[in-house]
Amino acid sequence: MRDPAAVRAWGVAARPGGLPPPAGAGDLVAGGATIPEWSLRWIRSPRHLWRHTGDRALLRRALPVAERILTWFLPYRGPHGLVCHLPQWVPVDRAALHLADTSSVVNARWARALLEFAEMSGWTGDVGRAAFARA
């Protein structure tokens with residue numbers, strides 16, 4: 001997602017729970033379905049855009065959306081700190097394991113999203129958000 005308008009539109013479409021819909025148009029948008037893992041991928045988009053364009057204003061607008069996405073995952077962390085028992089569809093892990101326990105792929109994306117969010121927060125001077133992501 002290298003189009004600034006697409007990054008803004010998808011971020012604005014976030015549902016009250018924090019995650020954007022799984023698609024920009026279609027039946028999935030009208031329903032309540034989400035694909036949590038894809039939301040973690042979205043966090044990379046404003047990062048790439050900033051690195052290629054230097055548009056700090058876009059980055060500042062994207063940080064609250066990224067923070068809502070990351071915060072959405074917090075209740076699903078187990079006692080070990082890993083994300084587990086995610087609701088909805090997690091297509092990255094086709095095995096039934098993710099429904100009963102922990103997905104290494106989702107947790108790798110979660111960790112990367114936290115690191116990239118901390119990095120973006122640092123670029124904008126937002127030390128509070130950077131600290132949240134590094135905690």
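See the structure printed just above.
The paragraphs below set out a description of the structure included in this document.

Conventions adopted
- Each chain carries its own residue numbering, running from 1 in the written order of its sequence.
- Local features in this predicted model are restricted to residues of pLDDT 70 or higher, and side-chain atom pairs are both shown and tallied only at a pLDDT of 80 or more, whereas totals for entire chains, interfaces and linings draw on every residue.
- Only hydrogens and water are removed before side-chain values are computed, so all heavy atoms of the structure are retained for them.
- Here a helix means four or more residues in a row that DSSP labels H or I, a strand means two or more in a row labelled E, and each is numbered from the N terminus.
- Exposure is judged per residue with a 1.4 Å probe applied to protein chains only, and the accessible area is read against the type maximum: over 50% gives exposed, under 20% gives buried, and values in between give partly exposed.
- Every residue pair with non-hydrogen atoms within 4.5 Å of one another is taken to be in contact.
- Nine residue types can take part in a nonpolar core, namely buried Ala, Val, Leu, Ile, Met, Phe, Trp, Tyr and Cys, and a core is a set of them joined through side-chain atoms within 4.5 Å.
- Convention adopted: a line fitted to C-alpha atoms gives each axis, helices being fitted over their contacting stretch, and angles between N-to-C directions are expressed from 0 to 180 degrees.
- Should an angle fall under 35 degrees it is taken as roughly parallel, and over 145 as roughly antiparallel, whereas 65 to 115 is taken as roughly perpendicular and any remaining angle as oblique.
- In a left-handed crossing the near helix is turned counterclockwise from the far helix by less than a right angle, and in a right-handed crossing that turn is clockwise.
- Throughout this entry, Asp, Glu, Lys and Arg are counted as charged residues, while Ala, Val, Leu, Ile, Met, Phe, Trp, Tyr, Cys and Pro are counted as nonpolar. The remaining residues, Gly among them, count as polar.
- Note on ring pairs: Phe, Tyr and Trp rings are taken, using the six-membered ring of Trp, and paired if centres are within 6.5 Å. Classes follow the plane angle, with under 30 degrees stacked, over 60 edge-to-face and the rest tilted.

### Focus: the overall build of the protein
1) Next: On a plain count of helices and strands, the protein comes out with eight helices and zero strands.
2) Next: Across the protein, helices and strands are ordered from the amino to the carboxyl terminus as α-α-α-α-α-α-α-α.
3) Next: When the 135 residues of the protein are sorted by exposure, 41% land in the buried category.
4) Next: Sequence-distant contacts in the protein: of pairs separated by 6 or more residues, those separated by 24 or more amount to 56%.

### Notes on helix α4 (residues 44-53)
1) Next: Along α4, the residues classified as buried are S45, P46, R47, L49 and W50.
2) Next: Two residues or fewer after α4 comes G54, characterised by a positive phi angle close to 75°.

### Comments concerning the nonpolar core
1) Next: Grouped together as the largest cluster of nonpolar side chains are 25 residues, with contacts concentrated most on I43, I69, L70 and F73.
2) Next: Sorting elements by how many residues they give to this core places helix α5 (residues 56-73) first, with nine residues.
3) Next: What L70 contacts, discounting residues up to four positions off in sequence, is L40, I43, W110, A113, L114, F117 and F132.

### Some points on the packing of α4 against α5
1) Next: Relative to each other, α4 and α5 sit at 165°, their axes nearing to 9 Å. In this view, α4 runs roughly antiparallel relative to α5, as classed from their interaxial angle. Remark: the crossing between α4 and α5 carries left-handed chirality. Only R56, L58, L59 and A62 of α5 make contact with α4, whose side of the interface consists of P46, L49 and W50.
2) Next: Class assignment of the residues belonging to the contact of α4 with α5 gives a composition of six nonpolar, no polar and one charged.

### Digging into the packing of aromatic side chains
1) Next: Using the criterion set out here, one finds five aromatic pairs in the structure.
2) Next: For the ring pair W72 and Y76, a centre distance of 4.9 Å and an interplane angle of 35° mean the geometry is tilted.
3) Next: Seen from their ring centres, F73 and W110 are 5.6 Å apart, and the 40° between their planes marks the pair as tilted. Placement of F73 in helix α5 and of W110 in helix α7 (residues 104-123) is noted, with a sequence separation of 37 residues between them.
4) Next: W110 gets classed as buried once you look at its relative accessible area, which sits at 6%.

### Some thoughts on the environment of S39
1) Next: Tracing the backbone through its elements, the reader meets S39 in helix α3 (residues 36-42).
2) Next: For the pair formed by S39 and R109, sequence separation is 70 residues and the distance between their alpha carbons is 9.9 Å.

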